[in-house]
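# Remarks on the overall topology
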Amino acid sequence: MANNFLKGLGIALITPFTSDGQVDYPALKKLIEYQISNGADFYCILATTAETPCLTKEEKQRIKELVVEINGGRLPILMGIGGNNTAAVVDEIQHTDLSGIDAILSVCPYYNKPSQEGLYQHFKTIAANSPRPIVLYNVPGRTGVNLKAETTVRIANDCPNVMAIKEASGNLEQIDEIIKNKPDRFDVISGDDALTFSMVASGAAGVISVIGNALPKEFSRMIRLEFNGEYEPARKIHHKFTELYSLLFVDGNPAGVKALLSEMGMIENQLRLPLVPTRITTKQKMADILKSLRI
């Protein structure tokens, strides 16, 4: 597979649950087929949007196997394996069945707040010990630490097994600095639906998207138009989604997109504690927007 194979619309795949709290595997299967047939370009599984901290080891294994089986090699699959103990992350990577998985998404260490040098050494160690390419995941709002642009570029230059970064810092100046200084073989991927239009216009390779779970066709169309330099029609799609972007995250992720998917009749509106469903008022506003989008 070519080095830059994670381009366009990546789906940050949710985990649907039944009303009694079990993983809803039939709903997951339908969801994947729906996304693939409506413009998805790659998958990101078992990461934040999947409620991974609340899944058992057995559930994670079964979800991974099911996604690989249903996908059948059609799209690249990125899988989340990260943590704040470097040795434990390396051990998990080396003891996980990675058949059918094309790359690993690894989040910045959370809670223990390492320095920039600590972050560099963490990712350098993981990259050197991984049989798959690594995608860095910078999300300071969740981890409490920001992977600075110069550290990202240093990792990109020094670690040939690090292929990209999912950037969810929300700092467009920082993101632009990475895009400007990175090596050609390294990609920047948006980790924020609302900033995807701006990031792709600046040279990002695509997005790992939450909204893509529910509305992949229009969102992938926006990105493809931008890739072709057709910014005006792409901007119109972006503006059509503006209110939805904020509604999706106002009650936390993936509460918003699960409410949207349940409104579309695709899943039950179920999450695992400590996450709870979105408020009724938010759900109603999203239902109204869905009607206006005529989807």
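Keep in mind it's a predicted model, so treat the numbers as computed, not measured.

About the thresholds
- Residues numbered from 1 in each chain as written.
- Predicted model: local features only at pLDDT ≥ 70, side-chain atom pairs only at ≥ 80, totals over all residues.
- Heavy atoms only, no water.
- Helix = DSSP H or I, 4+ residues; strand = E, 2+ residues; numbered from the N terminus.
- Rg over C-alpha atoms; globule rule 2.2 N^0.38 Å.
- Buried < 20%, exposed > 50% of the residue type's maximum accessible area, 1.4 Å probe, protein only.
- Contact = heavy atoms within 4.5 Å.
- Areas by Shrake-Rupley, 256 points an atom, 1.4 Å probe, with all protein chains shown as cover.
- Lys, Arg positive; Asp, Glu negative; His and termini not counted.
- Charge placed at Lys NZ, Arg CZ, Asp CG, Glu CD.
- Salt bridge = Lys/Arg side-chain N within 4 Å of Asp/Glu carboxyl O.
- Arc of directions from axis to C-beta.
- Polar contact = N/O pair within 3.5 Å; in protein donor to acceptor, adjacent residues only side chain to side chain.
- Axes fitted to C-alpha atoms, helices over the stretch in contact; angles between N-to-C directions.
- Parallel < 35°, antiparallel > 145°, perpendicular 65-115°, else oblique.
- Left-handed = near helix turned anticlockwise from the far one by under 90°.
- Nonpolar A, V, L, I, M, F, W, Y, C, P; charged D, E, K, R; others polar.

### Brief notes about the overall build of the chain
When helices and strands are tallied, the chain shows 13 helices and eight strands. Its C-alpha radius of gyration of 18 Å places the chain within 12% of the 19 Å reference for a compact globule of 295 residues. Looking at the chain as a whole, 54% of its 295 residues are labelled buried. Once local pairs closer than 6 in sequence are excluded, the contacts in the chain between residues at least 24 apart make up 71%. Summed over all atoms, the accessible surface of the chain reaches about 12,600 Å², with 50% contributed by carbon and sulfur. Side chains of the chain carry 31 positive and 33 negative charges; the gap between the two charge centres is 2 Å.

### What to know about the side chain of K166
Looking at the secondary structure, you find K166 in strand 6 (residues 162–167). The charged side chain of K166 is buried without a salt bridge, its nearest counter-charge being D193 at 8.7 Å. Not counting the four nearest positions on each side in its chain, K166 is found in contact with L105, V135, L136, Y137, N138, I189, S190, G191 and I208.

### Description of unusual backbone geometry
Glycine aside, the phi torsion of most residues is negative, and most peptide linkages are trans. Cis geometry is found at the peptide bond from N253 to P254, where omega equals 10 degrees. Here the amide bond leading from L273 into P274 is cis, since omega sits at 15 degrees, within 30 degrees of zero. Inspection of the secondary structure assignment puts P274 in the loop between helix 12 (255–263) and helix 13 (280–293). The phi dihedral of L46 falls on the positive side, at around 55 degrees, and the residue is not glycine. Residue placement: L46 occurs in the loop between strand 2 (42–45) and helix 2 (57–71). On the basis of relative accessible area, L46 is assigned to the buried category, the value being 7%. A positive phi angle is found at K113, which is not glycine, with a value near 45 degrees.

### What to know about helix 3 (residues 86–94)
Every α-helical turn comprises 3.6 residues, leaving residues that sit three or four positions apart pointing alike. Among all positions of helix 3, only V89, V90 and I93 are buried. Along the long axis of helix 3, the arc covered by the buried residues comes to 100 degrees, so they all point the same way. On its buried face, helix 3 sits against strand 4 (103–107), helix 4 (116–128) and strand 5 (134–138). For helix 3, the side-chain oxygen to backbone nitrogen distance between the N-cap and A87 is 3.2 Å, and the N-cap itself is N85.

### Section: the pattern of salt bridges
Two side chains with opposite charge may pair up if their charged atoms get near one another. Summed over the entire model, instances satisfying the criterion amount to 11 salt bridges. A salt bridge links E51 to K258, with the shortest nitrogen-to-oxygen separation between them at 2.6 Å. Of the two residues, E51 sits in the loop between strand 2 and helix 2 while K258 sits in helix 12, which places them 207 residues apart along the sequence. Residue classification places E51 among the buried positions, given a relative accessible area of 2%. Of the charged contacts in the structure, one is a salt bridge between R154 and E117, with a shortest N-O distance of 2.8 Å. One end of the pair, R154, is in helix 6 (residues 149–158); the other, E117, is in helix 4, with 37 residues separating them in the sequence. For R154, a relative accessible area of 33% gives the class partly exposed.

### Some thoughts on the environment of L260
Mapped onto the elements, L260 comes out in helix 12. Between the C-alpha atom of L260 and that of M286, which follows or precedes it by 26 residues, the distance is 6.6 Å. Excluding residues that lie within four positions of it along the chain, L260 makes contacts with A214, L215, L244, L248, M286 and L290.

### Looking at the packing of helix 3 against helix 4
The relative placement of two packed helices comes down to the angle between their axes together with the axis-to-axis distance. It is the contact of helix 3 with helix 4, at a shortest axis distance of 10 Å, that shows an interaxial angle of 20 degrees. With respect to their mutual orientation, helix 3 and helix 4 come out roughly parallel. Crossing geometry of helix 3 relative to helix 4 is assigned as right-handed. Taking contact as the criterion, the partners of T86, V89, V90 and I93 in helix 3 are, on helix 4, H122, T125 and I126. Tallied by class, residues from the contact of helix 3 with helix 4 come to four nonpolar, three polar and no charged.

### Here we look at helix 6
Those residues of helix 6 lying buried are A149, T151, T152, V153, I155 and A156. The inward-facing, buried residues of helix 6 contact helix 4, strand 5, strand 6 and helix 7 (172–181).

### Structural notes on the packing of helix 9 (residues 216–227) against helix 10 (residues 231–240)
Relative orientation of the contacting elements helix 9 and helix 10 amounts to 150 degrees, with a least axis distance of 8 Å. Between helix 9 and helix 10, the angle is such that the two are roughly antiparallel. Considering the relative orientation of helix 9 and helix 10, their crossing is left-handed. Across from E218, R221, M222, L225 and E226 in helix 9, the residues of helix 10 making contact are Y231, P233, A234, I237, H238 and K240. The residue makeup of the contact of helix 9 with helix 10, split by class, is six nonpolar, one polar and four charged.

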